[in-house]
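Analysis of the macromolecular model
Listed below, chain by chain, are the residues.
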Amino acid sequence: MSSDNSVTLPSIGGIIYIAIKPLIRLLLPALAGALLYRAKLLNEVGMRNIGQVILNVLLPSLLFSKVVPSITNENLPELGIIILVAVFYQGTSAAAAVIMRAVVEIPSNFRHGFLAAAIFSNWGDLPTAVIQTVTSSTPFGKPGESDLAIAYVSIFILVYFISFFPLRGSYLIKKDYDPPPPPALSSGRRIWRRIIYGYDGKKADTSSTSTAAVGRDEHYSGGESTQVQTPADEVDLEAEWADANEGSKMDGGAIEGKLELKRVNRILENAAKDPSTSNAVKRPSHVRENSTTPTYPPTPRLSSQSQSQHQHPVAPPSPSLGRIQRFTILLRSIFTPPTIALLFALIIAFVPTLKALFLHPTSGSSPISSAPDGLPPLSVFLDAATFLGNASVPMGLIVLGGSLASMQIKRPISNLPLRSILGLAAWKLVILPVLGVVLVRALTDAGLVERENKVLRFVLMYFACVPTATTQVIFTQVYAPEGRESNSHLLAVYLIVQYIVLAFSSVVLTALILSMLF
């Protein structure tokens, strides 16, 4: 079967090879990251630093270098279709997670993190590597098809950033550390609470507002529970607020963010001093293993300025923010480096005069005079973005491999919520891909997606088969209160199972899509 006289689909063996090839390309840098971590040449601090370089430099460069030359005014309707499909994937995943949460047992301290794991997928380095490999070789391989595919991928990334940050999707992770809802008495209310909260209150959490629970949830640990009473003089909140508000008039959200940043910096400093204790899924260093009597780190000594402020503490600001302050926080969460680069790239791509500063027009003469070397005057910036962007995917895969290697599964396995783990993996890597193929075929038959635009159809269908985003591990650690173990050890099990299933589902889906397109 062929789409035209020049493109012929390879044999069954060829299709399998093409489907496995991107998986091998993905596996090698991920394996390198895992080996670097096991050899103690890469730790959590290093991976987070690399992640900052990717987020602030490499990924924006990749998006800019692919969008500017690939997107034109003719692609505008396609961008709307991509957003529609992306929202469909997130919306159906949220509905499926709510249903699973009401049917199967999920640890009550992971009831919102489970929703986040279902909604937010790794729409970054992983699908980019696969799609870039497939579209740059037979049966694709036409000039510009690989760049066009990455431009389509960038719209998925934009939807992810907007839904996770400005729309407060990350707050689902934070809510797991809030006290659980009160127990429901009637069976009808228990069912309703399982649907809304993922927890019916039959088994109350051991944590409370006055204690920090350390250890695993009842449903996960089989009833084990450890509590830590934090002395009042151990954590001086007023001094923290005074220090955070020092020399400035900041709103409550900004100060809270500064305190969270300080907490993360302390975690990273401890990890840098002792890499063996920096694993994301280990018990905090100040809590003895298998002990209900914790030891505490020495109380940090305040500077003379901080001590004087402690004598006259600054009261915590009101949690209510004005409209202007809320709007400012919203803008800050939207305008991250990747989104800024993507917005600039789209503006340049849609305005021919601006685009001529970076590229020669494909037809007609350029309205902009060329540089002395005969190239557009700003082409050097596009070349630099391409040069930096090429490092984004391999570096991201190295970090991914190191992150997976740093995860540990707590024993015994029988205490794990296996039904929810397998159910989420089945949804994201088996059921949702089937729905994605059906949806894209329906959009194609309806004329909303051009049948001959095989690159777009491939991208839309493949993005239905992506595991949970590994960035959730970082936010799970950031939002964990001090003195309480984060849920990252539980999230690690979900991720590891999904990546094992991905090794098979990705190959099958890629082969199926190619057989449908060509």
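Every value quoted in this text rests on a predicted model; they were computed, and no experiment measured them. (Residues numbered from 1 in each chain as written. Predicted model: local features only at pLDDT ≥ 70, side-chain atom pairs only at ≥ 80, totals over all residues. Heavy atoms only, no water.)

Along its length, the chain carries 21 helices and 2 strands. Put simply, the chain has 518 residues, and 50% of those count as buried. Residue pairs in contact within the chain that sit at least 24 positions apart in sequence constitute 78% of those at least 6 positions apart. Counting every atom, the chain has about 25000 Å² of accessible surface; 63% of that belongs to carbon and sulfur. (Helix = DSSP H or I, 4+ residues; strand = E, 2+ residues; numbered from the N terminus. Buried < 20%, exposed > 50% of the residue type's maximum accessible area, 1.4 Å probe, protein only. Contact = heavy atoms within 4.5 Å. Areas by Shrake-Rupley, 256 points an atom, 1.4 Å probe, with all protein chains shown as cover.)

Take the packing of aromatic side chains next. Scanning the entire structure with this criterion turns up 16 aromatic pairs. Their ring planes at 70 degrees and their centres at 6.0 Å tell us that F114 and Y494 sit as a pair that is edge-to-face. Placement of F114 in helix α4 (residues 111-119) and of Y494 in helix α21 (residues 488-517) is noted, with a sequence separation of 380 residues between them. The ring of Y171 is capped by K174, whose NZ or CZ atom sits 5.3 Å from the centre of that ring. (Phe/Tyr/Trp six-rings, centres within 6.5 Å; stacked < 30°, edge-to-face > 60°. Lys NZ or Arg CZ within 6 Å of the ring centre and 35° of its normal.)

Here S392 is to be found in helix α17 (residues 392-406). Those residues within four positions of S392 in sequence are excluded, and the remaining contacts are I54, L58, L59 and L62.

Let us look at the nonpolar core. Core analysis: the biggest nonpolar cluster contains 113 residues, and Y89, W123, F156 and L460 have the highest contact counts within it. Considering every element that reaches this core, the biggest residue donor is helix α6 (residues 145-164), with 14 residues. (Core = buried A, V, L, I, M, F, W, Y, C linked by side-chain atoms within 4.5 Å.)

In this section: the packing of helix α1 (residues 12-38) against α21. Between α1 and α21, the shortest axis-to-axis distance is 8 Å and the interhelical angle comes to 135 degrees. For the element pair α1 / α21, the angle class is oblique. Pair α1 / α21 crosses with right-handed handedness. Residues I15, I18, A19, I20 and L23 of α1 pack against A503, V507, T510, A511 and L514 of α21. Split into classes, the residues belonging to the contact of α1 with α21 amount to 9 nonpolar, 1 polar and no charged. (Axes fitted to C-alpha atoms, helices over the stretch in contact; angles between N-to-C directions. Parallel < 35°, antiparallel > 145°, perpendicular 65-115°, else oblique. Left-handed = near helix turned anticlockwise from the far one by under 90°. Nonpolar A, V, L, I, M, F, W, Y, C, P; charged D, E, K, R; others polar.)

Between its first and last C-alpha atoms α1 spans 38 Å; for 27 residues at 1.5 Å apiece the expected length is 39 Å, and the two agree. A positive backbone phi angle near 65 degrees is found at K40, which sits one or two residues after α1. (Expected span 1.5 Å × (residues − 1).)

Considering all chains together, one arrives at 3 salt bridges under this definition. The shortest N-O distance in the salt bridge between K66 and D147 comes to 3.0 Å. Taken as a pair, K66 in helix α2 (residues 44-70) and D147 in helix α6 lie far apart in primary sequence, 81 residues in all. Overall, the relative accessible area of 8% leaves K66 in the buried class. The shortest N-O distance in the salt bridge between R451 and D445 comes to 3.1 Å. Overall, the relative accessible area of 45% leaves R451 in the partly exposed class. (Salt bridge = Lys/Arg side-chain N within 4 Å of Asp/Glu carboxyl O.)

Residues three or four positions apart in an α-helix share a direction because the helix packs 3.6 residues into each turn. Most of helix α19 (residues 454-462) sits inside the fold, with 9 of its 9 residues counted as buried. Of all the positions in α19, only K454, V455, L456, R457, F458, V459, L460, M461 and Y462 are classed as buried. On its buried face, α19 is in contact with α3 (76-103), α5 (125-135), α6, α18 (418-445) and α21.

Looking now at the environment of Y499. Position of Y499 relative to the elements: it lies in helix α21. With relative accessibility at 13%, the residue Y499 sits in the buried group. When the C-alpha atoms of Y499 and L404 are compared, they prove to be 9.3 Å apart, with 95 residues separating the residues in sequence. Y499 has contacts with N122, L126, L400, L404, P467, T468 and T470, leaving out every residue within four places of it along the chain.

Attention now moves to unusual backbone geometry. The peptide bond linking T138 to P139 adopts the cis configuration, its omega dihedral lying at 10 degrees. With respect to the helices and strands, the residue P139 is situated in the loop between α5 and α6. The backbone of K40 shows a phi angle near 65 degrees, a positive value even though the residue is not glycine. Here K40 lies in the loop between α1 and α2.

Attention now moves to the packing of α2 against α17. Two numbers describe how α2 lies on α17: the axes approach to 9 Å, and their chain directions differ by 155 degrees. Taken together, α2 and α17 sit at an angle that is classed as roughly antiparallel. You can see that α2 and α17 cross each other, and the crossing is left-handed. Seen from α2, the contacting residues are E44, M47, I50, I54, L58, L59 and L62; seen from α17, they are S392, V393, M395, G396, V399, G402, S403 and S406. Residues belonging to the contact of α2 with α17 are distributed by class as follows: 9 nonpolar, 5 polar and 1 charged.

Turning our eyes to something else, we now look at the side chain of D176. Along the chain, D176 turns up in the loop between α7 (171-175) and α8 (187-196). Although D176 lies buried, it forms no salt bridge, and the closest oppositely charged side chain, R111, sits 5.0 Å away as judged by the N-O distance. Side-chain polar atoms of D176 contact the backbone nitrogen of R111, separated by 3.2 Å. Leaving out residues up to four positions away in the same chain, D176 has contacts with N109, F110, R111, H112, G113, R484 and N487. (Lys, Arg positive; Asp, Glu negative; His and termini not counted. Polar contact = N/O pair within 3.5 Å; in protein donor to acceptor, adjacent residues only side chain to side chain.)

Without other data, these values stay purely geometric and don't point to any function.
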